[in-house]
Each structure stands twice: as C-alpha cells, then as structure tokens.
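Given next are the chains, with one letter for each unit.
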Amino acid sequence: MIKEREPALERMSVIAQVFWTLVSFYFLLWFEGIVTIDNFLETRDHFVLGIVIIPVWFTMLEMFEMGTMGRMQKYRTILKKYLFLIPIGSFVLFIMIHLFDFNSITGTDLMKFAILDFLVLSIQKVIGRMVIRSFRKKGYNTRMLLLIADETGASFIRQIIETDDWGYRIWGIITDSDEIKIEFGDKYAMYPDNEDFARLIDEKVIDDVFFCKQDFNTNVVRKLVNECREVGVGFHLHNKVLAFGGLDPKLSFLNRQFFLSFRNTPENYIALKIKGAVDFFMATVILILVSPVMLAIGLLIKLEDGGPVFFKQVRVGKHGRLFKCLKFRTMVTNAEDLKEKLMELNEQDGPVFKIKDDPRITKVGKFLRKTSLDELPQFINVLVGDMSIVGPRPPVPSEVKQYKRSLNRRLSVNPGITCTWQVSGRNNIPFDRWMEMDMEYIDNWSLGLDFIIILKTFKVVFSSNGQ
C-alpha cells in the first residue's frame, strides 16, 4: 500500500520536474541556435544558468508542493502554481544574465523558455496524474474508509462512489440513519452507532475514518480521534455546520493551537505580496514620470483662484482606518459649506453625493475631473500604504455610517485609485450595483483582474469621460 504522502516519491517527482526543466532550457537554446554540439563546451553562459536552474527550480517546486499527487487536487490548481513559480524562477535567471553580462541569452529567450517549461511541466504532470488515476480505478493505490454518518453525509458518500479515480473505497458505514441504510445498505456493511469502534478499526483493514454527522458531542469525537491515533488511522471531520456559502475554511495555527478559519477576503499570501510590490513600484514610477504634469496642474489651480492646490479629505480605509485622501482641488475653497444647500440636487442614490454639473467645480477642476487627472496625488497615498492602485473607492465617514452592515465588507481590503466601478460607467451606475461590483471584485480578486482593470482605466482616462 502506497502512503497518501510519500516523501521519497514526492522528492523523485520534484527531481524529475527539474530534469524536464533543464531539458526544456537546453532544447530551446539548441532550437534557437545559441548552443550547438560544436560550441557546447566552449560557452559558459548556459553552464552557469543550467547550474542555477537546479537549486532555484528545486526550491520553488518544493515550496509549492509540486511533488504531491493529491487525490482530490484540481488541474487548474496545479496550472496556477506553475504560473507563479516559473515566472519567479525565470526572473532569477534574468537577474543572473544582467549581473554576469551573458550576451548570448536574451530576455526574449527566457520568455520563450518560461512558456516551453510551463507546457512541458504541465503536460508531464497531467499525464502522470492520468496514469495514477487509471491505476486507482483498477483498485491499485486505494485507501479503505470507514464512515460515521447521518443523513447529512449522504452527498459525501455519493461523491466518493462517483469519483473512483480518487482511490477511496468505502469498507463500511456506522449509522443509525434510515435514509443512509435504505440508499447504501445493499452496497456496504452497516453498523449501529453503539458499535465497538475500536474493535472495528483493530480487526479490519481501515486507512481512514470520516465523521460525517451534523450533530456531535465533543467528548465522543475526542474519544474517536484518540482511538484512531493509537493505531495510526487517519480521522477526518466533515460537517455541514462548518461550511458557509462564499467562505473557504482553512486550518490555521496560533501558539500551537489550531483554529478553523473562515475568510471571504483575498488571502493568497504570495499574490498579495506581489500586489503590494507592484503598487509601490508603479506608484513611484508614475509619480516620477508625471511630476512635471503635476507641477503644471498645481500652478494652474493656484493661478485660477489662489486657493490650496491639494484637497485633503478624511476617507475610510481598510477595516475602518481613517486617512487623508489627496486629490488636486477641483472645487471652490468653500465647497463643503455649500454642500448642504445642494443636497436636493444629488443625482446618486444611496448615501453617496454626486452632481453631474456641480456648480462648485472650477474651470480647471472641470478639465481635471474629465481627464481623471485630479486623482494623481493619490499615488502618494499608495506609496505610504493607505491605498492600492486597484481596489474599492475609499468612502467618506458620513457615507459609511449609512451603510447596511453587510456593505462594510468592502472595507476589508485596501481602497484603490481605480476599481470596477470606475471603468464601468461610474455615475451612471446605481449605488446598489456599485456595491455589488465591489463585492464581486473582493470575491474574485486576482493579479490578472487587477491588470485588466488597470488597462481599462487607461482607456477611460484617454476617452475623457470623467465627471
């Protein structure tokens, strides 16, 4: 019987993937004519990079656990991991090329290598999984299960039956549920709840026990866990009470104590770190590039009415933190005092205040709003960490006070300069739909989604349809 996690086999799988990466690298160099049989021993560039590939790819593959052959792991999960680790490894090679001035290999060559390596590793992984699954269907590499279930566990039992390529086989079911007995009694051995559990797992070949009951006593479960632990049998708790729509439960540890954590906000650690780095460097580059434009805008604002160049407004950030959001001033200096007199002209539903032809807007301000240039100072907010490039727009405290409690979830991430609402019509979108867009952004967040929103933002800016 092969174990669920076999370190030796996983290590061999990682080594094989490193080998295929080297094959991809040298095949590309041969195909591009960079390395030939005649000059193979004469050039050092490919030797150094080949040596670097071995520890870098080995470390990345181990870090992303790409040696495992999880029974229930989805193909898209595997492909996503390759999409992360291969560009990171290729970036290390890119740095090496520039540090050591390897002229024979270019950035374009590395890009082609990354694409080829992704295809090769993905294909070998998919083929390997297909082979293993075919063996599991034939009864090899199986794990025998004992289920403790009530009627709420019926759907899980059906899933085990329908997915025989997982390699799980149900040996028997402990239950007092008539529904379970009627549906599965002719397929598997049935035992009452008062059955001697310890005797069953001692005398029978059982690899794992799944507890699939909605109601349970903590002391009873603890006893079952201990009896499984004594003989090395795995125990798994499956309970619908612990499953909530839209929440992804994960086991977390704090000071050697474990917790079942439920979050419905982005938590991909690596992707979030990349987002933070992109925010910082992108904000720095943009501020440097547009500094002459910002200087000219500041001069125009000052010449028009002599008032302050920037408008600093208290906004609500992540988890209710208050910060001063910077914008170029686009209204008269006493705009806030005039707001109460204009409330009846508000064109936006909900707690938001918006007027298409706001009489408080200055001539320069009208141009800045139309081109969205008034938002440029917010890149300073991004630099100090109060905002991100992409995220829900930061509301003012008075708006948040009028939110329904469920809308506060849009404050669970850093607010952004641009968002789905910004690139989808802005003031033409009803408040409720605006909030829905923010929730959809949080639920479906990815680096790719941020990239798409940034591209759409450029389109909005150049079309000059801001208000």
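What comes next is a walk through the structure. (Residues numbered from 1 in each chain as written. Predicted model: local features only at pLDDT ≥ 70, side-chain atom pairs only at ≥ 80, totals over all residues. Heavy atoms only, no water.)

1. Examining the overall build of the protein chain
For the record, the criterion: Secondary structure elements follow DSSP: runs of H or I of four or more residues count as helices, runs of E of two or more count as strands, with numbering from the N terminus. In what follows, a contact means two residues having at least one pair of non-hydrogen atoms within 4.5 Å. In short, Shrake-Rupley with a 1.4 Å probe defines the accessible areas, and a residue's cover is counted only from the protein chains shown.
If you tally the helices and strands in the protein chain, you get 15 helices and 11 strands. Across the protein chain, contacts joining residues at least 24 apart in sequence account for 69% of those joining residues at least 6 apart. Accessible surface, the protein chain as shown: approximately 26,700 Å² in total, 61% of it carbon and sulfur.

2. Some details on the packing of aromatic side chains
This is how it is decided: Within 6.5 Å between ring centres, the rings of Phe, Tyr and Trp (the latter by its six-membered ring) count as paired, and their orientation is classed by plane angle as stacked under 30 degrees, edge-to-face over 60, tilted in between. Any residue under 20% of the maximum accessible area for its type is buried, any over 50% is exposed, and the rest in between are partly exposed; the area is computed with a 1.4 Å probe on protein chains only.
Per the counting criterion, the structure on display carries 15 aromatic pairs. Seen in terms of ring centroids, Phe156 and Phe210 are 5.2 Å apart; in terms of plane orientation they differ by 35 degrees. Their pairing is tilted. Of this pair, Phe156 sits in helix H5 (residues 154–162) while Phe210 is found in strand S4 (residues 208–212), placing the two residues 54 residues apart along the sequence. Accessibility assignment for this pair places Phe156 and Phe210 in one class, buried. Ring geometry for Trp171 against Tyr191: centres 5.7 Å apart, planes inclined by 10 degrees, an arrangement best described as stacked. Pair noted here: Trp171 is in strand S2 (residues 168–174) and Tyr191 is in strand S3 (residues 189–191), with a separation of 20 residues, a long-range link.

3. Quick word on the pairing of strand S8 (residues 310–316)
Using the following cut-off: Here the rule is simple: two strands pair whenever DSSP picks up at least two bridges between them.
Of the strand pairs in this sheet, S8 and strand S9 (residues 322–328) are connected by 7 bridges, and their pairing is antiparallel. Among the inter-strand pairings, Arg315 is bridged to a residue of S9, identified as Phe323. What sits between S8 and S9 in their antiparallel hairpin is a turn of 5 residues, with His319 showing a positive phi close to 55 degrees.

4. Some words on the packing of helix H2 (residues 45–63) against helix H3 (residues 75–99)
How we decide: Each axis is a line fitted through C-alpha atoms, taken for helices only over the stretch in contact, and angles between the N-to-C directions span 0 to 180 degrees. Roughly parallel refers to an angle under 35 degrees, roughly antiparallel to one over 145, roughly perpendicular to one between 65 and 115, and oblique to any angle outside these ranges. Each helix crossing is assigned a hand: it is left-handed if the near helix lies turned anticlockwise from the far helix by less than a right angle, otherwise right-handed if that turn is clockwise.
Where H2 meets H3, the closest approach of the two axes is 10 Å, and the angle between their N-to-C directions is 150 degrees. On the basis of their axis angle, the class for H2 and H3 is roughly antiparallel. Viewed along their axes, H2 and H3 form a crossing whose handedness is right-handed. Residues Val48, Leu49, Val52, Ile53, Val56, Trp57, Met60 and Leu61 of H2 form the contact with H3, whose own contacting residues are Tyr82, Leu85, Ile86, Ile88, Gly89, Ser90, Val92, Leu93, Met96 and Ile97.

5. Let's talk about the sheet that holds S3
Read from one edge of the open sheet, 5 strands run S3-S2-S1-S4-S5, paired in parallel fashion. This sheet does not close on itself; its edge strands, each paired only once, are S3 and strand S5 (234–237). With direction set aside, neighbouring strand axes in the sheet form an average angle of 30 degrees. Bridge count between strand S1 (residues 143–149) and S4: 5 bridges; the pairing is parallel. By the bridge assignment for S4, Ile148 is matched with Phe211. Helix H8 (residues 218–231) rests against S1, S4 and S5 of the sheet, and its axis sits at about 155 degrees to S5.

6. Thoughts on a nonpolar patch on the surface
Stated formally: Like charges within 9 Å and nonpolar side chains (Val, Leu, Ile, Met, Phe, Trp, Tyr) within 5 Å are joined into patches, using only residues over 30% in relative accessible area that form no salt bridge. A pair is scored as a salt bridge if a Lys or Arg side-chain nitrogen falls within 4 Å of a carboxyl oxygen belonging to Asp or Glu.
Residues Met111, Ile115, Leu119, Ile123, Ile127 and Val131 make up a contiguous nonpolar surface patch of roughly 580 Å² in combined accessible area. Inspection of the secondary structure puts Ile123 in helix H4 (residues 107–137).

7. As for unusual backbone geometry
A positive phi angle, close to 55 degrees, is found at His319, a residue other than glycine. Here His319 shows up in the loop between S8 and S9. By relative accessible area, which is 56% here, His319 ends up exposed. Positive phi is not limited to glycine here, since Ser372 has a value of about 65 degrees. Residue position: Ser372 is located in the loop between helix H11 (363–371) and helix H12 (378–383).

8. Digging into the nonpolar core
Selection criterion: By convention a nonpolar core is built from buried Ala, Val, Leu, Ile, Met, Phe, Trp, Tyr and Cys residues, the set being connected through side-chain atoms within 4.5 Å.
Counting 30 residues, the largest nonpolar core has Leu49, Trp57, Tyr82, Leu85, Leu93 and Phe113 as its most contacted members. If we ignore the near neighbours within four places in the chain, the residues touching Trp57 are Val18, Thr21, Leu85, Ile86, Gly89, Ser90, Leu93, Phe113 and Asp117. Counting residues in each nonpolar core, the second largest holds 27 residues, with Leu287, Phe323, Leu368 and Ile389 among its members.

9. Some points on H2
The test is simple: The span you would expect from a helix comes to 1.5 Å times its residue count less one.
Relative to the 27 Å expected for 19 residues at 1.5 Å per residue, H2 spans 27 Å between its end C-alpha atoms, a close match to the ideal helical length. Among the residues of H2, those classed as buried are Asp45, His46, Leu49, Gly50, Val52, Ile53, Val56, Trp57, Met60 and Leu61. Looking at the residues trailing H2, positive phi occurs at Glu65, about 55 degrees.

10. Section: the pattern of salt bridges
Across all of its chains, the model carries 16 salt bridges by this definition. Close ionic contact of Lys223 with Glu227 constitutes a salt bridge, the shortest N to O distance being 2.7 Å. Residue Lys223 and its partner Glu227 are both found in helix H8; the two are separated by 4 residues, about one turn of the helix. When the shortest N-O distance is used, the salt bridge between Glu440 and Arg433 registers 3.1 Å. Of the residues examined, Arg433 reaches a relative accessible area of 32% and is grouped as partly exposed.

11. Section: the side chain of Asp279
Note the cut-off: Only four residue types enter the charge count: Lys and Arg as positive, Asp and Glu as negative, with His and the chain ends excluded.
Mapping Asp279 onto the fold places it in helix H9 (residues 269–305). There is no salt bridge for the buried Asp279, and the closest opposite charge comes from Lys275, which lies 4.6 Å off by N-O distance.

12. Remarks on the environment of Gly153
Mapped onto the secondary structure, Gly153 falls in the loop between S1 and H5. In this structure Gly153 comes out as buried when scored by relative accessible area, which is 0%. Placed 85 residues apart in sequence, Gly153 and His238 show a C-alpha to C-alpha distance of 8.1 Å.

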